[in-house]
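# Breakdown of the fold
What follows is the residue order along each chain.
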Amino acid sequence: MYNNTEYSSRQYHNPLNVGEGGGIWRNMADEAHPSSMLFNPDGTLTYSAAYTVGDLFYGRNGVDITRSLFRNTTGFIANVYKNKLRLRGDFTFQHLTEGQKRIRVQVPYSAAPGVIAYVGTGYNDLYMRDSTVKYMASNLYGEYETTLGGGHYIKVLAGLNYEQSTFKGFAVNRNGLIYSDAKDLNLALGSNIATNGGYERWAIQGEFFRVNYSYKDRYLLEVNGRYDGSSKFPSNQRYAFFPSVSAGWRVSQEKFWKVPATIMSDLKIRGSYGSLGNGNIASYAFQELFNITQSGRVINAVRPQMTSQPVVLPNGLTWETSTTTNGGIDMVFLNNRLNVSGDAYIRRTTNMFTVGQTLPAVFGTDVPKGNYADLKTVGWEATVSWRDNFKVADKPFNYGVSLVLADYTATITKYNNTNNKLTDYYVGQKAGEIWGYENDGYWTAQNVADAPKTQALFKASNGGQWLPGDIKFKNLDNSQDKVINNGANTLAEHGDMRIIGNSTPRYTYGVNLDASWNNFFFSSFFQGVGKQDWWPGAEADVFWGQYNRPYNFMPKSQVGKIWSEQNPDAYFPRYRGYIAQNGSGVLNVKQTKYLQNVAYIRLKNIQVGYNLPKAFISRAKLTAARFYISAENLWSYSPMYKVTRDLDPESIGRSDTVTDNNNSGNGNNYPILKSLTFGLSATF
């Protein structure tokens, strides 16, 4: 018998903003005007401060998130027959509790001596949410292994698996806090009350088996199979079988292998083919669901209950299946100093669960999600390592170098996109494709008169005025009217747009270096991405600065790089506000010039230390002791740094995920920190 128990608890506080509502970090980046003062002479907040950082200073508004997890696993191993036949079983119970408390109150400021006003006058409420997830999993299986005469080895395993998860939650929101620091619902006396519940239960049942066979460690074979059923699918498509097989041949164990170990000591060829099922979808997606809420309209002096229409149900909802064909090779050279391992694979994902093609507005409801697409992924990965030693001052100097490199591309092979609209998946589409326009320099005094006609769909200013130094796009479709547009926005008719990049990280790699000599040791780890494109997006004000909004900060990286008559070849165009934030602004449109190369290399860790001699530490009855210095994220490089160092290539995605579920504010994330640690490690 064995038992393992875990418990963890976490608390997190995120300040809020009631000036515009939402995440304070995003609002500070957007609205914390660099020329505005934080305090008035009498110590009160200014309007600009109250509108942005006031919530952080005032200390009343925020979201407090709690999370506690308890997990216990109990199992047994029974030796039934001569350590050849064994029975194993385990049971896991997990209890997850999550809570959230949100307080929103007005923030005071003063626009004149002795006069107090407030921002966020629409807020004065307390929101509380609690949820529990009870999860249990059980496994019962038996295994039999034996060695037969002549070098044959066989192992058979078969068993049952069952998992169940139950979610329960409730939430309540009430206005009318009797004072700004109230933290209990009894202190909210308003009549605006909203309550919500929640319940979800799913279960998975499976049977599985595995058969292993080897002959003299020369021929290796493994066969697996799972028969799984999930409550998330309709009863007639609930179960599916997922088999797999893998084999290996250790060529270097053959009698004909005569290659000296000084050249190659080991050669193994591997191959596998198999499938896995993915059922990670909402529990009741195949059923009609009615969302019951309180109406926002007052009828006969009350707000009655109402229900929304159910969404259209997908047809034939079932497992998403990934079938992978893999080939690999392992080689050892030069008396085990050089190790090389490589794999190449093709993965075909069928019945991929995704949203259906865009339908006309007259359809009347959301497009359902279902098993609508197939995806083909082709990839490879390789590992090369070298380990050796030589003498320095008559003492061995040991060192090692290892490199891991991987890459993949994914292509849509099936999707019902009737007209190959670029807004939806289409057959042949590469995952991460970025469509956009090709830059053709800037408009000049000689040709800017043509801009209002050829680029009528875009704006270089809020007023629509075009001037020299504004962005000019290239006419790629050679249309007679020379109007820059996206045509029918289809694969066949995409106007002047083309594929300008891809956001998928390519050629991901890691490099390890280590060395030791005379009790001194050193290690370092580099990681990076060899190729990746990133479009800053409309709300990436850290990149666009005042091109986003004229009252944003001006990045230092833009100084000397803005178009003027004296600097006509500058990287950035004529200085204009809102042209990155405005939906039709010329910097809101994806284009070649400002597409960023966010490939990078980063020194993730470096460590230097000294192991105290055993003769010295034995006096203190220690078996090992060492001093060390460890540093994290000391250095990085990216081609994007030529444009700006204000953004980190590892932190360019979503921001404010606690309070905001969309992608606005690209790059407005807490920066990756550098750290330096001095340590002493001792073993008794």
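None of the values given here were measured: they were computed from a predicted structure. (Residues numbered from 1 in each chain as written. Predicted model: local features only at pLDDT ≥ 70, side-chain atom pairs only at ≥ 80, totals over all residues. Heavy atoms only, no water.)

Next up on the list: the overall build of the protein chain. Assigned secondary structure in the protein chain consists of six helices and 28 strands. The principal-axis extents of the C-alpha atoms in the protein chain amount to approximately 90 × 70 × 70 Å. Summed over all atoms, the accessible surface of the protein chain reaches about 37400 Å², with 56% contributed by carbon and sulfur. Taking the average location of the 68 positive side-chain charges in the protein chain and that of its 55 negative ones, the two points are 7 Å from each other. (Helix = DSSP H or I, 4+ residues; strand = E, 2+ residues; numbered from the N terminus. Areas by Shrake-Rupley, 256 points an atom, 1.4 Å probe, with all protein chains shown as cover. Lys, Arg positive; Asp, Glu negative; His and termini not counted. Charge placed at Lys NZ, Arg CZ, Asp CG, Glu CD.)

Further remarks concern unusual backbone geometry. Positive phi values are uncommon outside glycine, yet N83 reaches one of about 60°. Here N83 shows up in the loop between β2 (62-81) and β3 (85-104). Positive phi values are uncommon outside glycine, yet A301 reaches one of about 70°. Judged by its relative accessible area of 72%, A301 is exposed. (Buried < 20%, exposed > 50% of the residue type's maximum accessible area, 1.4 Å probe, protein only.)

Right, let's get into a nonpolar patch on the surface. A contiguous nonpolar surface patch, about 570 Å² in accessible area, is contributed by V80, Y81, L85, L87, L140, Y144 and V156. Of all the elements in the fold, those that place two or more residues in the nonpolar patch are β2, β3 and β6 (125-148). For L85, the location among the structural elements is in strand β3. According to the relative accessible area criterion, L85 is partly exposed, its value standing at 32%. (Patch = residues over 30% accessible without salt bridge, like charges linked within 9 Å, V, L, I, M, F, W, Y side chains within 5 Å. Salt bridge = Lys/Arg side-chain N within 4 Å of Asp/Glu carboxyl O.)

What follows is about the pattern of salt bridges. One pass over the full model with this rule turns up 24 salt bridges. Ionic pairing is found between R71 and E6, a salt bridge with its closest N-O pair at 3.1 Å. Here R71, found in strand β2, pairs with E6, found in strand β1 (residues 2-15); they are 65 residues apart in sequence, far enough to count as distant. In this structure E6 comes out as partly exposed when scored by relative accessible area, which is 36%. A single network of salt bridges, built from pairs that share partners, joins R86, R88, E143, E145 and K155.

Here the focus is the packing of aromatic side chains. Taken as a whole and judged by the stated rule, the model has 27 aromatic pairs. Note on F39 and F57: the rings are 5.1 Å apart at their centroids and 70° apart in plane angle, and the pair reads as edge-to-face. A residue pair is termed long-range when its members are at least 10 positions apart, and F39 in the loop between α1 (24-31) and α2 (47-51) and F57 in helix α3 (residues 54-58) qualify at 18 residues. An aromatic cluster of at least three residues, connected via ring pairs, comprises W535, F543, W544, Y547, Y571, F572, Y575 and Y594. (Phe/Tyr/Trp six-rings, centres within 6.5 Å; stacked < 30°, edge-to-face > 60°.)

The next thing to look at is the nonpolar core. One finds F458, W466, W544, Y547, L587 and Y594 to be the most contacted residues of the largest nonpolar core, which totals 38 residues. For this core, the secondary structure elements donating two or more residues are β18 (433-436), β20 (471-473) and α5 (541-544). Apart from residues lying up to four places away in sequence, L587 is in contact with I471, W535, W544, Y547, P573, I579, A580 and Y594. Judged by nonpolar contacts, the second largest core, of 15 residues, contains Y58, V107, Y109 and L177. (Core = buried A, V, L, I, M, F, W, Y, C linked by side-chain atoms within 4.5 Å. Contact = heavy atoms within 4.5 Å.)

Attention now moves to the side chain of D388. Locating D388 in the fold gives a position in strand β16 (residues 369-392). Exposure remark for D388: the relative accessible area of 18% places this residue in the buried category. In terms of polar contacts, D388 uses its side chain to reach the side chain of R337, at 3.4 Å. (Polar contact = N/O pair within 3.5 Å; in protein donor to acceptor, adjacent residues only side chain to side chain.)

Tracing the chain through its elements places G43 in the loop between α1 and α2. Considering only alpha carbons, one finds G43 and S110, 67 residues apart in sequence, at a separation of 9.4 Å.

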